[in-house]
Amino acid sequence: MQYTYVTEDLKKKMKNLRREFHRYPETAWTEYRTAWRAAGELEKNGFQVYTGNAACCSDARMGLPSAAYLEACEQRALSEGVPKLIMERIGSGRTAVAGILKGKFPGPVRVLRFDMDALPVEEAETEKNRDYLSRHAGIMHACGHDGHMAAGLGLAEILGKNRDKIRGEIRLLFQPAEEGCRGARSLTEKGWLEGADELYCGHIGMGEKRLGNITACSGGFLATTKLDILFHGKPSHAAKAPEQGRNALLAAAVCTVNAYAISRSGRGEGRINIGRFSGGSGRNIIAGEARLEAETRGETSEVNQYMKDSLERVARASAAMYGTACEFLEQGESRTAASSPALAEKCRRAAESMGPGCVYRTTGVFGASEDAAELMGRLQEQGGEAAYFLFGTPLSAEHHQPEFDFDEEVLAVMAEFYSRILLD
């Protein structure tokens with residue numbers, strides 16, 4: 001692999017940043033320490049930096065945690081070094097960060113997105129990760145977003161040092177709450193795609209396992225809806241007066257079983273999952289409340305809508321069977337997307353200039369949901385072009401697993417590739 005912009009010192013810096021983010025993982029809308037560090041690095045490299053309400057539309061955030069959880073995470077971040085003045089600006093889940101760098105010459109407006117959040121997964125200690133094991137119990141970077149941020153900040157340093165080569169305007173967006181497809185809409189509603197010509201996003205290790213492989217996704221993003229279903233019944237004494245109760249737990253159980261029996265659409269692949277089931281208040285009480293955390297997915301937005309409508313129909317019928325009521329709380333949503341063919345082909349030159357160790361393709365299929373699809377679709381509707389890349393790396397375990405880890409050389413590949421697109 002040939003590096004023009006990524007030096008050995010920058011490789012070391014990106015590695016250290018990645019490991020720092022990995023030690024202090026933060027889940028959706030609580031990326032306080034992460035946002036503080038990202039904003040500081042952008043500012044050091046000459047970017048005009050936006051945080052808090054200046055970076056995201058608060059009303060467009062989806063799936064916010066409880067106020068108590070947000071507060072607990074704020075206190076943890078303060079104890080880990082976040083200045084109080086910074087917290088006043090980014091607190092209450094306002095964790096998006098944006099940086100703008102304007103070149104000396106006229107040119108296009110180009111946007112790059114890097115996701116920030118970790119997952120509620122307990123990390124498994126291995127010989128490799130012992131030096132940067134998560135310090136937050138039950139939370140880890142199990143999807144590579146720590147690497148995305150480190151590469152993005154490495155890119156920011158390269159751009160800051162090569163400002164005289166930049167044409168137009170470059171916007172770097174550090175997005176909260178990608179997991180669950182909850183954060184992208186807050187960026188689009190804030191206007192970060194207004195006037196933009198090109199958008200670049202990417203993911204490490206997803207489908208590509210050989211270091212040096214770069215693939216532009218031609219499709220395969222599944223539209224998705226994240227939904228909480230609340231069943232409201234009536235509690236009662238389980239022995240003395242069970243007939244006076246209305247069992248919300250039974251309604252939720254029937255809904256769960258029948259959700260998996262929903263007929264699939266003949267117009268494309270559809271999926272459904274009930275990921276969490278909770279309810280009731282005690283073993284001798286008819287359960288008055290129950291909650292399901294569910295998601296639907298579809299090969300197209302039409303198929304996803306069919307799955308969502310079918311799930312809601314099953315939930316209402318299940319609620320009616322037991323004399324309960326149900327309500328639906330939408331917690332996240334994204335659409336299908338594909339890279340713009342012309343932009344993906346144009347990026348081939350950047351990859352091929354990195355030497356024979358870099359193999360570039362334009363036929364990748366993502367095979368899951370990604371909040372970047374919301375950004376991509378919005379920009380393409382406005383007449384702009386978008387591209388999503390898969391950066392190959394060997395993995396110690398697949399994404400979202402406790403042993404997940406990757407080859408940190410991929411950080412250099414990602415930063416170099418984006419630098420060549422933006423500067424050459």
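None of these values were measured; they are calculated from a predicted model. (Residues numbered from 1 in each chain as written. Predicted model: local features only at pLDDT ≥ 70, side-chain atom pairs only at ≥ 80, totals over all residues. Heavy atoms only, no water.)

The number of helices and strands found in the protein chain is twelve helices and 14 strands. A principal-axis box enclosing the C-alpha atoms of the protein chain has dimensions of 80 × 50 × 45 Å. Taken across its 424 residues, the protein chain has 57% of its residues classed as buried. In the form shown here, the protein chain has an accessible surface area of approximately 17,100 Å², with 49% of it arising from carbon and sulfur atoms. Charged side chains of the protein chain number 53 positive and 58 negative; the gap between the two group centres comes to 1 Å. (Helix = DSSP H or I, 4+ residues; strand = E, 2+ residues; numbered from the N terminus. Buried < 20%, exposed > 50% of the residue type's maximum accessible area, 1.4 Å probe, protein only. Areas by Shrake-Rupley, 256 points an atom, 1.4 Å probe, with all protein chains shown as cover. Lys, Arg positive; Asp, Glu negative; His and termini not counted. Charge placed at Lys NZ, Arg CZ, Asp CG, Glu CD.)

In total, this model carries 37 salt bridges according to the counting rule given. With its nearest N and O atoms 3.2 Å apart, the salt bridge here joins glutamate 157 to lysine 161. Of this pair, glutamate 157 and lysine 161 both sit in helix α5 (residues 145-161), four residues apart, which is roughly one turn of the helix. Linking glutamate 381 and arginine 335 is a salt bridge whose minimum nitrogen-to-oxygen distance equals 2.7 Å. Note that glutamate 381 is positioned in helix α11 (residues 372-381) and arginine 335 in the loop between β10 (325-334) and α9 (341-346), a separation of 46 residues in sequence. (Salt bridge = Lys/Arg side-chain N within 4 Å of Asp/Glu carboxyl O.)

The subject of this paragraph is the sheet that holds strand β1 (residues 48-51). Spatial strand order, β1-β2-β4-β3-β5-β12-β6-β11: eight strands in an open sheet with mixed pairing. Of all the strands in the sheet, the pair left with one neighbour each is β1 and β11 (359-368). Strand-to-strand, the axes of this sheet are offset by a mean angle of 25°, without reference to chain direction. Across six bridges, strand β6 (residues 213-221) lies against β11 in parallel orientation. Across the sheet, the residue bridging to cysteine 217 is glycine 364, located in β11. (Pairing = 2+ DSSP bridges. Axes fitted to C-alpha atoms, helices over the stretch in contact; angles between N-to-C directions.)

Quick look at the packing of helix α7 (residues 248-259) against helix α8 (residues 301-321) now. Between α7 and α8, the shortest axis-to-axis distance is 8 Å and the interhelical angle comes to 145°. α7 and α8 meet at a crossing whose hand is right-handed. The segment α7 lies against α8, with Ala251, Val254, Cys255, Asn258 and Ala259 engaging Leu311, Val314, Ala315, Ser318, Ala319 and Met321. Among the residues forming the contact of α7 with α8, the class breakdown is nine nonpolar, two polar and no charged. (Left-handed = near helix turned anticlockwise from the far one by under 90°. Contact = heavy atoms within 4.5 Å. Nonpolar A, V, L, I, M, F, W, Y, C, P; charged D, E, K, R; others polar.)

Another aspect to go through is the packing of aromatic side chains. Aromatic rings considered in pairs are described by the distance between their centres and by the relative angle of their planes. A full pass over the atoms with the stated rule returns 15 aromatic pairs. Their ring planes at 15° and their centres at 4.8 Å tell us that phenylalanine 221 and phenylalanine 366 sit as a pair that is stacked. Pair noted here: phenylalanine 221 is in strand β6 and phenylalanine 366 is in strand β11, with a separation of 145 residues, a long-range link. Judged by relative accessible area, phenylalanine 366 falls into the buried class, the value being 7%. Following the ring pairs from residue to residue traces out a cluster consisting of Phe114, Phe174, Tyr200, Tyr360, Phe389, Phe391, Phe417 and Tyr418. Taking NZ or CZ as reference, arginine 18 lies 4.1 Å from the ring centre of phenylalanine 406, over its face. The ring of phenylalanine 105 has arginine 167 lying over it, and the distance from NZ or CZ to the ring centre is 5.0 Å. (Phe/Tyr/Trp six-rings, centres within 6.5 Å; stacked < 30°, edge-to-face > 60°. Lys NZ or Arg CZ within 6 Å of the ring centre and 35° of its normal.)

Within an α-helix, residues lying three or four positions from one another point in the same direction, as the helix has 3.6 residues per turn. Its 13 residues give helix α3 (residues 67-79) an end-to-end C-alpha distance of 19 Å, which sits within 8% of 18 Å, the value for a rise of 1.5 Å per residue. Along α3, the residues that are buried comprise Leu70, Cys73, Glu74, Arg76 and Ala77. The arc that holds every buried residue of α3, seen down its axis, measures 165°, which confines them to one face. More than 90 degrees from the buried face of α3, the exposed residues found are Ala67, Ala68 and Ser79. Check the buried side of α3 and you find it contacts α2 (32-44) and α4 (84-90). Positive phi shows up at glycine 81, right after α3, with a value of about 115°. (Expected span 1.5 Å × (residues − 1). Arc of directions from axis to C-beta.)

The topology assignment puts histidine 232 in strand β7 (residues 223-232). The exposure class of histidine 232 is partly exposed, given its relative accessible area of 27%. Considering only alpha carbons, one finds histidine 232 and lysine 104, 128 residues apart in sequence, at a separation of 60 Å. Excluding residues within four positions of it along the chain, histidine 232 makes contact with Gly288, Glu289, Thr324, Ala325 and Glu327. A polar contact is formed between the side chain of histidine 232 and the side chain of glutamate 327, at a distance of 2.7 Å. (Polar contact = N/O pair within 3.5 Å; in protein donor to acceptor, adjacent residues only side chain to side chain.)

Taken in spatial order, the four strands line up as β8-β9-β7-β10 in an open sheet, and their pairing is antiparallel. In this open sheet, the two edge strands, each paired with only one partner strand, are β8 (270-279) and β10. Strand-to-strand twist in this sheet, taken as the mean axis angle between neighbours without regard to direction, amounts to 20°. This element, α7, spans β7, β8 and β9 (289-298) of the sheet and lies at about 160° to β8. This element, α8, spans β7, β8, β9 and β10 of the sheet and lies at about 10° to β7.

Now for α7. Look at α7: 16 Å from first C-alpha to last across twelve residues, which is about the 16 Å you get at 1.5 Å a residue. For α7, the elements touching its buried residues are β7, β8, β9 and α8. With a side-chain oxygen lying 3.0 Å from the backbone nitrogen of leucine 249, the N-terminal cap of α7 falls on asparagine 247.

Turning our attention to the side chain of arginine 61. Within the secondary structure layout, arginine 61 lies in the loop between β1 and α3. Only 3.0 Å separates the side chain of arginine 61 from the backbone oxygen of serine 58, close enough to count as a polar contact. From its side chain, arginine 61 meets the backbone oxygen of serine 92 in a polar contact 2.8 Å long. Apart from the residues within four sequence positions on either side, arginine 61 is in contact with Trp29, Cys56, Ser92, Gly93, Arg94, Arg182 and Ser186.

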